[in-house]
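Observations on chain architecture
Take a look at the letters that make up each chain.
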Amino acid sequence: PTFPVTMFKTICNQEKAHDDGIWSLAWGRNPSHEYLVTGSVDDTVRSWHWDGTSLEPRHKLEGHHLGVISVAVDHNSSHAASSSIDGQIKVWDLALGKAVSSLPTQDTNPWSVAFSPDGKFIAAGTITGQVALYSVERGEKMAALDTGSGYVASLAYSPDNKRVACASMQGVVSLFDLTKGKLVHKITEAHAMPIRSLSFSPDSSQLLTACDDGYIKQLSETDGSQIASYSGHASWVLSVDWSPDGQHFATGSSDHTVKVWDSSARQCLNTFDDHTDQVWSVAYNRAGDKLASVSDDASLRIYEVPS
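The structure reproduced in this document is the subject of the present report. All values derive from a computational prediction rather than experimental measurement. (Residues numbered from 1 in each chain as written. Predicted model: local features only at pLDDT ≥ 70, side-chain atom pairs only at ≥ 80, totals over all residues. Heavy atoms only, no water.)

1. Considering the overall build of the protein chain
On a plain count of helices and strands, the protein chain comes out with zero helices and 28 strands. Taking 2.2 N^0.38 as the reference for a compact globule, 307 residues should give roughly 19 Å; the C-alpha atoms of the protein chain span a radius of gyration of 18 Å, in line with that estimate. Counting all 307 residues of the protein chain, 58% fall into the buried class. The contacts of the protein chain with a sequence gap of at least 6 include a subset with a gap of at least 24, amounting to 44%. Put simply, the protein chain shows about 12000 Å² of open surface, and 47% of that area lies on carbon and sulfur atoms. (Helix = DSSP H or I, 4+ residues; strand = E, 2+ residues; numbered from the N terminus. Rg over C-alpha atoms; globule rule 2.2 N^0.38 Å. Buried < 20%, exposed > 50% of the residue type's maximum accessible area, 1.4 Å probe, protein only. Contact = heavy atoms within 4.5 Å. Areas by Shrake-Rupley, 256 points an atom, 1.4 Å probe, with all protein chains shown as cover.)

Shown next as structure tokens:
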């Protein structure tokens, strides 16, 4: 379907959301409202209430000593996890606005973090090529999966909780079967440069990759084959997120733009050019009718999108 451009609009622009560039973003939702969690080079994690029209700062979560690389929110939106260049993974209580644990990372060197869909585990991709799996309840490392592909730049859980996908700085995608704890696919043909972001389709059957080569690839989860390739950004693609209905996906790039794509027609539907620096993270809310982005320009923006 073709959508009128009026269906895409910027509805919130939070300038100076942090004191430095913002590298990561996640949505949460509880029965009363939606909120966002952001992580920045200013060493802080911040939470924001979203009432549908405006953002209200909620908590400034302090404790990291260097820039925050990655943030994630669990399935019931009670906790957030963050990883930092300081080598720490922290778990935060979002209602109280304080840290509840620091996960043991002495031998890990974590980069990106993700909650399992059931909220019981946190996966952390490491600079040594492993995926460390932590029990949230116990605060312990339970297992490590070895990609054999070096520095894990990004990772994602499949919504059905059966797979973890991770991608390396060399452009290799590794898919692990969590029920067996083993590597099932290694995809080496898709890219040859760093893959900064991954996103599974809502039915867990496909995977999107965002790469420094400027391309987004749509891959089959079953055999790793390429379904489609997208181009249109003028520089590195830093983030990708599939919409909850699977009809669209969004990307952020170092060309300062956010693009929304149709995943069946395989074309770009809209480009937002509000940011003035590279866009490190994009994310749909759980209803799929709002899209948020964060950037090195220290702003947080929210867009209305068709759902």
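2. Section: the pairing of strand β22 (residues 237-242)
Most of β22 sits inside the fold, with six of its six residues counted as buried. Examined bridge by bridge, β22 and strand β23 (residues 248-253) share five bridges and lie antiparallel to one another. Bridge pairing in β23 places S239 opposite G252. Between the end of β22 and the start of β23, which pair antiparallel, lie five residues, with G246 showing a positive phi angle near 75°. (Pairing = 2+ DSSP bridges.)

3. Here's the deal with the environment of S293
With respect to the secondary-structure elements, S293 resides in strand β27 (residues 290-295). A relative accessible area of 0% places S293 in the buried class. As for S293 and L207, which are separated by 86 residues in sequence, their C-alpha atoms are 20 Å apart. If sequence neighbours within four positions are ignored, S293 has contacts with L25, V258, H275, V279, S281, V282, S299, L300, R301 and Y303. A distance of 2.7 Å separates the side chain of S293 from the side chain of Y303, its partner in a polar contact. (Polar contact = N/O pair within 3.5 Å; in protein donor to acceptor, adjacent residues only side chain to side chain.)

4. Notes on the packing of aromatic side chains
This structure, assessed with the given rule, holds eight aromatic pairs. Residues W111 and Y151 carry aromatic rings whose centres are separated by 5.5 Å and whose planes lie at 75° to one another, so their mutual orientation is edge-to-face. Taken together, the residues span a long stretch of sequence, with W111 in strand β10 (residues 110-115) and Y151 in the loop between β13 (140-146) and β14 (152-157) at a distance of 40 residues. Owing to a relative accessible area of 21%, W111 belongs among the partly exposed residues under this scheme. A connected cluster of aromatic rings, assembled from ring pairs, spans Y230, W242, F249 and W261. Taking the ring centre of Y215 as reference, the NZ or CZ of K217 above it sits at 5.8 Å. (Phe/Tyr/Trp six-rings, centres within 6.5 Å; stacked < 30°, edge-to-face > 60°. Lys NZ or Arg CZ within 6 Å of the ring centre and 35° of its normal.)

5. Let's talk about the side chain of K90
Along the chain, the position of K90 falls in strand β8 (residues 89-93). Of the side chains bearing the opposite charge, D86 lies closest to the buried K90, which forms no salt bridge; the N-O distance is 6.6 Å. There is a polar contact of 3.1 Å between the side chain of K90 and the side chain of Q88. (Lys, Arg positive; Asp, Glu negative; His and termini not counted. Salt bridge = Lys/Arg side-chain N within 4 Å of Asp/Glu carboxyl O.)

6. Overview of the environment of G119
Relative to the elements of secondary structure, G119 occurs in the loop between β10 and β11 (121-126). Spatially, the C-alpha atoms of G119 and V73 are 8.8 Å apart, while their sequence positions differ by 46 residues. Those residues within four positions of G119 in sequence are excluded, and the remaining contacts are D74, H75 and V136.

7. Points about the state of the cysteines
Tallying each qualifying case throughout the model produces zero disulfides. There is no disulfide at C211, and the cysteine sulfur nearest it, in C166, is 15 Å away. Among the residues examined, C211 registers a relative accessible area of 0% and is labelled buried. (Disulfide = S-S within 2.5 Å.)

8. Considerations on unusual backbone geometry
Here the phi dihedral of S204 falls at roughly 70°; this positive angle occurs in a residue that is not glycine. Topologically, S204 is positioned in the loop between β18 (195-200) and β19 (206-211). With a phi close to 60°, R266 is a non-glycine residue in the positive phi region. Following the sequence through the fold, R266 ends up in the loop between β24 (258-262) and β25 (267-272). Using a relative accessible area of 44% as the deciding quantity, one classes R266 as partly exposed.

9. Quick notes on the sheet that holds β8
Taken in spatial order, the four strands make up an open sheet running β6-β7-β8-β9, and their pairing is antiparallel. Sheet topology places β6 (68-73) and β9 (98-103) at the edges, where each strand pairs with a single neighbour. The average angle at which neighbouring strand axes cross in this sheet is 25°, direction not considered. (Axes fitted to C-alpha atoms, helices over the stretch in contact; angles between N-to-C directions.)

10. Some thoughts on the pattern of salt bridges
Summed over the entire model, instances satisfying the criterion amount to 10 salt bridges. Residue R138 is joined to E140 by a salt bridge in which the shortest nitrogen-to-oxygen separation is 3.4 Å. Residue classification places R138 among the exposed positions, given a relative accessible area of 53%. A salt bridge links R196 to D212, with the shortest nitrogen-to-oxygen separation between them at 2.7 Å. Here the residue R196 occupies a position in strand β18, and D212 occupies one in the loop between β19 and β20 (216-220), the gap between them amounting to 16 residues.

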